[in-house]
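# Examining the three-dimensional arrangement
Residues per chain, in single letters:
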Amino acid sequence: KGAQNLYSLEAGIGAEKGDWGDRRSVVFGIRTITRDADMAYRLNGRKMFVKASWFPIADFYRSTPTAESYERDLRLFRDGNFDLLVNFTVVEKPEFYDLCDRLGILVVVELPFPQYGPQRVMDQGNPMREPFLKQAGLQVRQIVTALRNHPSVVEWAPLAEAHEKAGGWSNGVDQQGYDTFMAEMKSIVSELAPGSIFHPSLCDLGEQHFWYAAA
């Protein structure tokens with residue numbers, strides 16, 4: 001909590017006569033993030049006590065959220081002593097990630113796929129398999145490139161609860177097809193956002209839901 005160490009970078013293209021062409025400024029931060037074998041997170045080498053929750057889609061009408069409504073929701077989130085959220089299956093507006101940077105809220109990006117993934121689309125004989133993989137790769141590259149400079153974004157996950165607690169991909173789908181899909185997603189994240197965490201399936205593969213807070 002408190003003020004975050006953020007930096008401003010401005011870049012531009014100048015013509016020979018000194019006239020400026022395209023210019024862009026970005027705010028960024030510098031940090032390291034790691035996760036131990038027991039799922040403990042370390043920010044800049046220091047072990048964190050993580051209190052996390054998912055962030056429901058701000059509004060199904062994607063033009064509706066504003067910087068003000070994002071800030072209201074995120075401040076309520078932070079005032080509840082949460083420090084990490086799951087950005088659930090949509091790409092929010094840039095203001096959302098800017099505010100997470102400023103408020104010190106870490107973000108797990110659950111990429112915009114169905115929760116259990118493409119299912120039968122990944123079967124070896126499905127004619128949509130290769131077109132799906134190609135289009136998924138293109139879109140994930142765009143998403144990672146757009147969000148990777150936000151210090152708040154610390155983890156990427158394509159799916160959630162799709163591996164049924166490490167017992168195999170759900171609903172009897174083609175295991176090899178899913179392994180290919182996950183390898184492609186991991187390759188993209190590792191290439192474009194080195195130093196961040198990749199987790200194939202949230203609340204799965206070592207992670208666990210805890211539903212007993214109100215018990």
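The sections below set out a description of the structure shown in this document. (Residues numbered from 1 in each chain as written. Predicted model: local features only at pLDDT ≥ 70, side-chain atom pairs only at ≥ 80, totals over all residues. Heavy atoms only, no water.)

### Regarding unusual backbone geometry
Non-glycine residue Gln 119 carries a positive phi angle of around 50 degrees. Mapped onto the elements, Gln 119 comes out in the loop between β8 (106-110) and α3 (129-147). Given a relative accessible area of 27%, Gln 119 falls into the partly exposed group. Unusually for a residue other than glycine, Glu 161 sits at a positive phi of about 55 degrees. Inspection of the secondary structure assignment puts Glu 161 in the loop between β10 (159-160) and α4 (175-192). (Helix = DSSP H or I, 4+ residues; strand = E, 2+ residues; numbered from the N terminus. Buried < 20%, exposed > 50% of the residue type's maximum accessible area, 1.4 Å probe, protein only.)

### What to know about the packing of aromatic side chains
For the structure shown, the criterion picks out 10 aromatic pairs. Between the aromatic rings of Phe 113 and Phe 181, the centroid separation amounts to 5.3 Å while the plane-to-plane angle is 85 degrees, which identifies the pairing as edge-to-face. Within this pair, whereas Phe 113 is found in the loop between β8 and α3, its partner Phe 181 is found in helix α4, the two being separated by 68 residues in sequence. Like Phe 181, Phe 113 is buried. Three or more aromatic residues link up through ring pairs in this structure, and these residues are Phe 55, Tyr 70, Phe 96 and Tyr 97. (Phe/Tyr/Trp six-rings, centres within 6.5 Å; stacked < 30°, edge-to-face > 60°.)

### A few points about the side chain of Ser 152
With respect to the helices, strands and loops of the structure, Ser 152 is situated in the loop between α3 and β9 (153-157). Among the polar contacts made by the side chain of Ser 152, one reaches the side chain of Asp 101 at a distance of 2.6 Å. Residues in contact with Ser 152, not counting those within four places in the same chain, are Tyr 97, Cys 100, Asp 101, Ile 105, Leu 106 and Val 107. (Polar contact = N/O pair within 3.5 Å; in protein donor to acceptor, adjacent residues only side chain to side chain. Contact = heavy atoms within 4.5 Å.)

### Comments concerning the pairing of β8
Among the 5 residues of β8, 5 are classified as buried, and the element is accordingly described as predominantly covered. Of the two faces of β8, the one lined by Leu 106, Val 108 and Glu 110 and the one lined by Val 107 and Val 109 are each fully buried. Two elements, strand β7 (residues 84-88) and β8, share 5 bridges in a ladder whose sense is parallel. If you follow Phe 88 over to β8, its bridge partner there is Glu 110. In terms of handedness, the path from β7 via helix α2 (residues 94-103) over to β8 forms a crossover that is right-handed. Note that β8 and β9 share 4 bridges and pair parallel. By the bridge assignment, Val 107 is partnered in β9 with Val 153. Where the polypeptide runs from β8 across α3 and back to β9, its parallel neighbour, the crossover connection is right-handed. (Pairing = 2+ DSSP bridges. Right-handed = clockwise from strand over helix to strand, strands pointing away.)

### Some words on the sheet that holds strand β5 (residues 46-47)
Strand pairing in a sheet relies on backbone hydrogen bonds, with the paired strands running either antiparallel or parallel. Spatially, β3-β4-β5 is the arrangement adopted by the 3 strands of the open sheet, whose pairing is antiparallel. For this open sheet the edge positions go to β3 (33-35) and β5, each flanked by a neighbour on one side alone. Where strand β4 (residues 41-43) meets β5, 2 bridges bridge the pair, whose relative direction is antiparallel. Residue pairing across strands places Leu 43 opposite Arg 46, the latter belonging to β5.

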